[in-house]
Amino acid sequence: MWLRNIVDGSEALALCTVHGLWLPGILLVIVLSFWETMYCLLYQFIWSKMQAEAQINKHVCNARSAYSGSEKCVAIVTGANSSIGYKTAKVLGHAGFTTILACRNLKHAQLAQQQLCESTGLDTFWVIELDLVSFMSVQQFVAEFHKTYTQLDVLTCNAGVVFGHYDMTYDGLEAQFGTNLVGHYVLVAQLLNTLKATQGAHIMVYSSVAVCMVCGLDYSQITNMWHFSHFVNYSTSKLALLMFANKLVWQLHDCNITINAFHLGLVATGLYCNVLVSILPGIHDFRQWLWLGQVDGTVTTMYLALAPELAGKTSGYYACEQPTVMHPNAQNMAAQDQLCTFTNVLVKTNTHVPNVLDSINVKEKL
């Protein structure tokens, strides 16, 4: 759409300017936030929630037509008990998928399952516990999944931690990087054979417009708690996810798996509760009014999962159902290889200690 093209063009220019001149990433965040806010404002005047729902219904109808008569399709949505994950699971259910709610809080997931079954009249939603901060939990999830299912048509890597305080996973990794990237990295690796065996499987990776805040991956942000920053570490984890998606494309180029990443822009979800301004009176209501709703945010997710024209069209980065500007470092193959080496060492050693950097010849900044 023309409005998104204007926003993307402005963001691409800002991205090249700031990174080309090595200016502070916060400047780019301010510029991109401005354009995304303008998009939200104009969107409310030009389009409506009804149009977003109509677009989702179109994707559902297309999917039902494409999969009619075939074996029941299976989808996994991580973090499916609330917000975009919940909406994604609901639409996939309408599209005819058996949908696995992969969530760390079993009580919340079971409540979400009950609500989904009641609101849709379907009994195709199932809960399997998955805590991405624990490699053991990922392993148990995969084992439980394989007890019942032999195919996986859609894997949505949606769960994540946003702007959290410094914390560590059960395996000793910085929590945002450990949850957002490493947990999904291990999950995809253990589901890969099932994805390869499924005809036309899709992997969707949820990145963020916040990746623009960093020029590249500073691994000391992950290994040294004194370098930790709420915003920079979140941006680092989301850039790493984008790089991981692109690396997967090269690794699986001879497999019939469609892999794409996306960001939602500014969508009113509960993920921003850790941002300091969230404690201000009225800020939640203002955000609900200004930003896109969760239905609007789900449109791109469903487009990537269900649109027949995207079958085999891979290595894209999408916003509002169309390709958007990608961080230049995300397509750097040497940087992707370095990230995979670093992540493999993290998984193997279960540690965040600084000497893990020796494996990729990265020196900590003092």
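Cut-offs used in this document
Residues numbered from 1 in each chain as written. Predicted model: local features only at pLDDT ≥ 70, side-chain atom pairs only at ≥ 80, totals over all residues. Heavy atoms only, no water. Phe/Tyr/Trp six-rings, centres within 6.5 Å; stacked < 30°, edge-to-face > 60°. Helix = DSSP H or I, 4+ residues; strand = E, 2+ residues; numbered from the N terminus. Buried < 20%, exposed > 50% of the residue type's maximum accessible area, 1.4 Å probe, protein only. Lys NZ or Arg CZ within 6 Å of the ring centre and 35° of its normal. pLDDT = per-residue confidence, 0-100. Contact = heavy atoms within 4.5 Å. Core = buried A, V, L, I, M, F, W, Y, C linked by side-chain atoms within 4.5 Å. Expected span 1.5 Å × (residues − 1). Polar contact = N/O pair within 3.5 Å; in protein donor to acceptor, adjacent residues only side chain to side chain. Pairing = 2+ DSSP bridges. Axes fitted to C-alpha atoms, helices over the stretch in contact; angles between N-to-C directions. Parallel < 35°, antiparallel > 145°, perpendicular 65-115°, else oblique. Nonpolar A, V, L, I, M, F, W, Y, C, P; charged D, E, K, R; others polar.

Here we take up the packing of aromatic side chains. The final tally for this structure, using the stated rule, is eight aromatic pairs. When the centroid spacing of 5.3 Å and the interplanar angle of 80° are considered together, the rings of Tyr 166 and Phe 228 count as edge-to-face. Highlighted residues: Tyr 166 in the loop between β4 (154-157) and α7 (175-197) and Phe 228 in the loop between α8 (220-223) and α9 (230-251), separated in sequence by 62 residues. Both rings, one in Tyr 303 and one in Tyr 318, keep their centres 6.1 Å apart while their planes meet at 65°; by these two values the pair is edge-to-face. Residue Tyr 303 is located in helix α11 (residues 294-306), and its partner Tyr 318 is located in strand β7 (residues 316-319); the two are separated by 15 residues in the primary sequence. We note that Tyr 303, like Tyr 318, is buried. Among the aromatic residues, ring-to-ring pairing joins Phe 141, Phe 145 and Tyr 149 into one connected group. The side chain of Lys 238 reaches across the aromatic face of Tyr 206, ending 4.7 Å from its centre.

The next subject is the confidence of the model for the protein. Per-residue pLDDT for the protein averages 82, and the proportion of residues at 70 or more is 78%. Counting interchain partners and residues more than four positions distant, the pLDDT-below-50 stretch residues 359-366 has 18 contacts.

Our focus in this paragraph is the nonpolar core. Burial of nonpolar side chains together is a common tendency in soluble globular proteins. The biggest cluster of nonpolar side chains holds 57 residues, and the ones touching the most others in it are Ile 76, Phe 141, Phe 145, Leu 155, Phe 177, Leu 191 and Leu 195. The dominant element in this core, judged by the number of residues it contributes, is α7, at 10 residues. Contact partners of Phe 177, with chain neighbours within four places excluded, come to Val 182, Ile 222, Ser 237, Ala 240, Leu 339, Phe 342 and Leu 346. If you look at the next biggest cluster of nonpolar residues, it comprises 44 residues, including Ala 52, Ile 56, Leu 92 and Leu 264.

Taking 1.5 Å of rise per residue, the 17 residues of helix α12 (residues 333-349) would be expected to cover 24 Å, and the 24 Å separating its terminal C-alpha atoms lies within 8% of that figure. Buried residues of α12: Ala 335, Gln 336, Leu 339, Cys 340, Phe 342, Thr 343, Val 345 and Leu 346, and no others. In this fold, the buried residues of α12 make contact with α6 (135-148), α7, α8 and α9. Two to three positions downstream of the cap, the backbone nitrogen of Ala 334 sits 3.0 Å from a side-chain oxygen, assigning the N-cap of α12 to Asn 332.

Attention shifts here to the sheet that holds β7. Strand order across the open sheet formed by eight strands is β3-β2-β1-β4-β5-β6-β7-β8, with mixed pairing between neighbours. Pairing within the sheet leaves two strands with one partner each, and these edge strands are β3 (125-129) and β8 (322-323). Strands β2 (97-103) and β3 of the sheet are contacted by helix α5 (residues 106-120), whose axis makes an angle of about 175° with β3.

Once that is clear, we can look at the pairing of β7. Neither face of β7 is exposed, since Gly 316 and Tyr 318 on one face and Tyr 317 and Ala 319 on the opposite face are all buried. As paired strands, β7 and β8 are joined by two bridges and run antiparallel to one another. Across the sheet, residue Ala 319 finds its bridge partner in β8, namely Gln 322.

Moving on, we get to the packing of α7 against α12. At their nearest, the axes of α7 and α12 sit 11 Å apart, and the two run at 90° to each other. The angle between α7 and α12 places the two elements in the roughly perpendicular class. In contact with Phe 177, Leu 181, Val 182, Tyr 185 and Val 186 of α7, α12 contributes Leu 339, Cys 340, Phe 342, Thr 343, Asn 344, Leu 346 and Val 347. For the contact of α7 with α12, the residue count by class is 10 nonpolar, two polar and no charged.

By secondary structure assignment, the location of Asn 158 is in the loop between β4 and α7. A distance of 3.2 Å separates a polar atom in the side chain of Asn 158 from the backbone oxygen of Gly 79. With residues near it in sequence (within four places) discarded, Asn 158 still touches Val 77, Thr 78, Gly 79, Ile 84, Gly 85, His 184 and Tyr 206.

Attention shifts here to unusual backbone geometry. Unusually for a residue other than glycine, Ser 315 sits at a positive phi of about 65°. Along the chain, Ser 315 turns up in the loop between α11 and β7. Take Ser 315: its relative accessible area is 28%, and that puts it in the partly exposed class. Even without being a glycine, Glu 321 presents a positive backbone phi close to 65°.

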